[in-house]
Structures are given as C-alpha cells and as structure tokens.
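Residues per chain, in single letters:
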Amino acid sequence: MSEFAKGNIINNLIRLAPLIILFIAVLNESDLNYLEIFSLNFPFILIFYWSLRKTELLGYGFIFLAGLINDVVTGFPIGISSFNYLMICGFAAYLRTITLRPSMVKDWFFFLFTILVVNSLSYSTLNVFFSIDLNYKNLFFNIFFTFIFYIIFANLFLIYQNKYLRESND
C-alpha cells in the first residue's frame, strides 16, 4: 500500500513540475541576471509555453499568485507582474485559438511579439505612473536572451511533455 502512495505522490510531483518550477523561478527573482550583460525572464518562457500547450497545468489563479509573489520579491508595485503574466496567457490563448497547424518556429516569433508588447506596456506603466527609471540596455538584453532561450526551453518542455504527460486512453 505504501508503494502505491509513493508512486502516486511522485507522479503528482512530476505532473506539477511546471507549476513548482514557476514558483521557484519567481521566488528566485523574475530575471536570471547574475551577469551584467546576461538577463533572462524565465517565467515568461514558462508561462507562454504551458499556456499555449497544456493550459490545465498552470491555472490562471496560480499565475496571478506567482505574479504577486514576484512583485514582492523584486520590489515592483503589486499587480504589475500579475498583469504581465496574464497578458502573456492572453496572447498564448489567442495563438492557440487561431492556430490550425502548430509550429515551434511560428510560436517562437509570436513569443517575440508577445514579450515586446508586454515589456513595452509594463515598462511604460512603471515609468509613467510610478516614476521608476529604466535601463534600456538591460531591457534589450533581457528581451533578446528571453527570445533566444525560448526555443531551447520549449524543446526541453516538449521532451518533458512527451515523456511524462502522455495521456492514456484507458
């Protein structure tokens, strides 16, 4: 009986891995900017991919909560990251609705459009309403590396999805 319970817990943890990784990513700050020039917004990649491919893994409530946690950790006004994350979900839902034949490359370029719009609105809001000064060089590098790394992480997520999240037709 304990082996069954152990297997069930492990299967649930494997199934919830994207959600767990999202909360770890927002608790570790939004950007992976440990070097001066390299900056990556991993939650954008994670949210866009899983909102596009398997919407039931990351619920909108969890994404909103992750945004609130990110705002607390990074010191942004409460709700900015939640708004950004939900906008990314909206763009992913739109792409999922209009797509007849999914393509990783098309998703990749639509992701570029998405992060350009989301970051533009976010940083305009921060600058106009909250008078937060922005470093546009860091913003450019963040968008560039987030865009470049999307294709890498999307392929890793696809491998994970094919290996662990296959639906059985019992």
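Report follows, based on the coordinates.

Here is what the cut-offs are and how they apply
Residues numbered from 1 in each chain as written. Predicted model: local features only at pLDDT ≥ 70, side-chain atom pairs only at ≥ 80, totals over all residues. Heavy atoms only, no water. Core = buried A, V, L, I, M, F, W, Y, C linked by side-chain atoms within 4.5 Å. Buried < 20%, exposed > 50% of the residue type's maximum accessible area, 1.4 Å probe, protein only. Helix = DSSP H or I, 4+ residues; strand = E, 2+ residues; numbered from the N terminus. Contact = heavy atoms within 4.5 Å. Salt bridge = Lys/Arg side-chain N within 4 Å of Asp/Glu carboxyl O. Axes fitted to C-alpha atoms, helices over the stretch in contact; angles between N-to-C directions. Parallel < 35°, antiparallel > 145°, perpendicular 65-115°, else oblique. Left-handed = near helix turned anticlockwise from the far one by under 90°. Nonpolar A, V, L, I, M, F, W, Y, C, P; charged D, E, K, R; others polar.

1. What about the nonpolar core?
- Counting 45 residues, the largest nonpolar core has Leu22, Phe48, Trp50 and Tyr150 as the members making the most contacts within it.
- Elements with a minimum of two residues in this core: helix H2 (17-27), helix H3 (42-53), helix H4 (60-74), helix H5 (80-98), helix H6 (104-128) and helix H7 (136-164).
- Counting residues per element, this core draws most heavily on H3, at nine residues.
- Ignoring sequence-local partners within four residues, the contact set of Tyr150 consists of Ile45, Phe48, Tyr49, Leu52, Asp107, Trp108 and Phe111.

2. Observations regarding the pattern of salt bridges
- For the coordinates displayed, the defined rule picks out two salt bridges.
- Between Arg53 and Asp107 there is a salt bridge whose closest N-O contact spans 2.4 Å. Of the two residues, Arg53 is situated in helix H3 and Asp107 in helix H6; the sequence distance between them amounts to 54 residues.

3. A few points about the packing of H3 against H6
- Orientation of H3 relative to H6, taken along the N-to-C sense of each, is 125°, at an axis distance of 11 Å. Classified by the angle between their axes, H3 and H6 sit oblique to one another. In this structure, H3 meets H6 at a crossing whose hand is right-handed. When H3 is examined against H6, the residues Phe44, Ile45, Phe48, Leu52 and Arg53 are found in contact with a partner set consisting of Met104, Asp107, Phe110, Phe111, Thr114, Ile115, Val118 and Asn119.
- For the contact of H3 with H6, a count of residues per class yields nine nonpolar, two polar and two charged.

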